[in-house]
Amino acid sequence: MTHSYDKTQTLPVATGGRVRVADAAAGFARPKSDALRPGHPVGDWRIEQVLGLGHADILYLAQDAVLGQTVLLQEFFPAAYSSRQADGSVLIRSPDDLVPFEEGLKQITAEAEKLAALQQDSITRTLRQERRHGSVYVAVQHEDGDALDRWRLRQPPLDRPTLLKTVWPVLEALAALHSADLLHQGIAPETIRIRAGGSPCLVTLPSSHRGACGPSSGFTAPEQCGSDQATGPWTDIYGLGALMYWLATGNEPTDAAARLQGDVLPRAVQAGNRLIYGEPLLRAIDQCLDLDTSRRPQNVGELLQALEATDLSRTQSMSALQPSANASTPQAATQELSRGAPGDKSRYRSVLGTLLALGIVTDGKTDAGRQVALQALLQDCADACTQTLKNSSHLRMNTPDGMIMCFVEDPEDALESALRLRELLQRGGHALALRIGLHLGPIRLQTGDDGKTLVLGDGANVAQRITDFARPNQIVMTRALHDLIGSLSDNAQGLFRELGVHMDKHLRSHHIYEVLDPRHRPAAAPVTMTGFERTASFAALASLTPEVVATIEAELTAAIGPLASALVKKALLRSWTADGLREVLSAAIPDALAKQKFARARRTAAL
C-alpha cells in the first residue's frame, strides 16, 4: 500500500460548522512530542504515522482493527490548554480550561456525526468516533492516490472538459457540506486526492475551532485573512475558483492577504487560454475570485448558473446536484418498493439486496421473558453498529429468533456492520451471542398489516439458512457476496476463509466463506511516501463518458434493481474503461441469463 501524504503537511479539516485552512499554511508549529508515537494503541486503532499537527488536533495514519483497514485518525488535542501524559492520554492544563475543552469536544463530536450522515462519494467518509485517552478520536476513510497537485504533474495540459471533470466532484462535495450547514474553507490541490479510477475526492475532517489564517495561500479567501467580511458558502466558492484558476493558468492565485493591500492578480480571462477554455468559463473563475463576497456566486447553485455557458451539462450529469422529482435513488426506490396497500403482493418485484441475518444463540430452554430481553439487547446492538449509516440505507425486520437487516445502498455497509457487531459482542461481555450470516440475493420489500416493512424473498431465506453453519459470534458469507466485495473493495484481501459447500436442511447447497477477524490478517506492506502510480490519467477515461456510464447503470438497474446506483459509484473508483466497469459489475448479477446479456452488451460495445 502506498500513500502520498506529505509528512510536513497538515490537511485542511472541518471546524466549528466550518472547515479551517491547514495550520501548516497558517505558519503554526507545535512540538512533535505532542503526537502519539507509531505503534501506540488507541482503542481498536494503532498509530502508524503522524501526518500533521494543528492548533486543536493531530492527524495520524492508523490501522483500524475492527474494520481491517487504514484510516485517517483525528485526535482532539488543543495545544493551548492540553498536555500529553506519559500513558498517552490528554490532560487539561487547569480548571479554567475545562469549559473550552468540553465545548470543543462537543463541537467536534457533533460535526463528526453530521459528516458521517452525509455519505457523499466525493467526500472522505467519516467511519466512527470514540472517547479515549481523555479526548475524542474520529476515524475517517483513508484514500490511496496522489494529491491533485502531484497528480497534475504527470498529466498533459487540461482542456475545458477535463478541467470541469476534475472540479465536478468538488462541487458535489460542497453542495453536500453546505446542505448540512458545514463549510470546508480549505479547498486546495493538496486536499483533493485522485483515486485509482481517476475520480477526485475532497479530504474533509471535523474539527473544533476556526484556525487563524496567518500567512495565507492563494486558495484562501480574504474573509479568512483579516477581512471584516463574514464567511459563508461563498468562501468555499472562492477556494473552488482559485482551484480552477490554478488548473486553467498553471499558476496559484496571489495570496488574498496581499490582494487586500493592492490587487495585482491577473484576471483569468487574460491569463487563461480563451481558445481552450472559452471566455464564459474564465469569466466565471474571475467572478469566484472577487474580493467582495457579495459579488461572488453565493452558493453552488449560483455557480452552476455561471457555468451554464461552459458546456458543463455535456461534461457531467447534473442530477447529483439538481435531482429531479422523479429521480431514481436507492432511498426513493426503497420507499416505492415498500409502499402500497397492506397484503397487496402483486405490485412488488424482486430486486437485489445485501442481507445481514442475525440468529440469537440459546440453549433451547429460554422462556418468553428471556427471549424478549435478548431481542431488546439485539436491537440496542444493531443501533450501535449502524449509528454512522443513514436510516434510509438499511431496513430491519425482527424474526422469531433474531433479526434480518437489508442494506439497499453499499454492500460493504453490511460487512462493516457485521464486523462492528461481532466486536461489540466480544468486547462487551454480553449475555447475547449471535450466529451471523451475510448474503447478496433477490428480495421483495412489502408493507405488512401493521404498517411495518417486511423483507421477503429468496435472498432473505438464504441469509437466515446459512446462519445455521456459523458458530456463536462467527460471521459466514455466501459466495455471491464474497465475489462482489472482492471485486469492489481494496480491503478484502486476507479477510475471508473458504469453508466450502454446505447443505441446509432443505437440501440446498451453499458455498460459504468465514469472515475473519481483521486483526489476524497478514500485516500490510510498509507505508511509503512515493506516488500512487495506478491513478489513471484522463486520457484513459475517454471511453467512460457520462453517457456510457448512464447506459451501463440503466442496464444493471434493469437486472438487479436500485442497488445498481451504489454499485456503479463504487465500481467507478476501480475502473477507467467501459469494459472494465462492466467486468467489475458483472459480479453483482446472480441470474446467469441476465449476466450473459450484460456481457453481450459489453462485447457489442467493443465492436
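Refer to the structure presented above.
Not measured: the values here are computed from a predicted model.

(A) Broad picture of the overall build of the chain. Looking only at helices and strands, one finds 19 helices and 21 strands in the chain. Counting only contacts in the chain whose residues sit at least 6 apart along the sequence, the fraction spanning at least 24 positions is 67%.

(B) Seen up close, the pairing of strand β5 (residues 57-64). The buried fraction of β5 is high, at seven of eight residues. From the end of strand β4 (residues 45-53) to the start of β5, which pair antiparallel, there are three residues. Relative to strand β6 (residues 69-76), β5 is paired through eight bridges, and the arrangement is antiparallel. The residue bridging Leu59 from the neighbouring strand is Gln74, located in β6. Once β5 ends, the chain turns through four residues before running back antiparallel as β6, passing Gly68 with a positive phi of about 65°.

(C) Highlighting the environment of Leu240. Within the secondary structure, Leu240 is located in helix α4 (residues 233-249). Along the primary structure Leu240 and Ile285 are separated by 45 residues, whereas in three dimensions their C-alpha atoms are 8.6 Å apart. Here Leu240 is in contact with Val167, Val170, Leu171, Leu174, Ile187 and Leu303, once residues within four sequence places are set aside.

(D) Broad picture of helix α3 (residues 160-179). If you check α3, its first and last C-alpha atoms are 28 Å apart, about what 20 residues at 1.5 Å a residue would give, namely 28 Å. Maximal helix bending in α3 amounts to about 30°, located at Val167; proline Pro169 follows within four positions. Extensive coverage of α3 is indicated by the burial of 15 of its 20 residues. Two residues or fewer past α3, Asp181 is found with a positive phi of approximately 60°.

Conventions adopted
Residues numbered from 1 in each chain as written. Predicted model: local features only at pLDDT ≥ 70, side-chain atom pairs only at ≥ 80, totals over all residues. Heavy atoms only, no water. Helix = DSSP H or I, 4+ residues; strand = E, 2+ residues; numbered from the N terminus. Contact = heavy atoms within 4.5 Å. Buried < 20%, exposed > 50% of the residue type's maximum accessible area, 1.4 Å probe, protein only. Pairing = 2+ DSSP bridges. Expected span 1.5 Å × (residues − 1). Bend = angle between axes of the 7 residues up to and from the residue.

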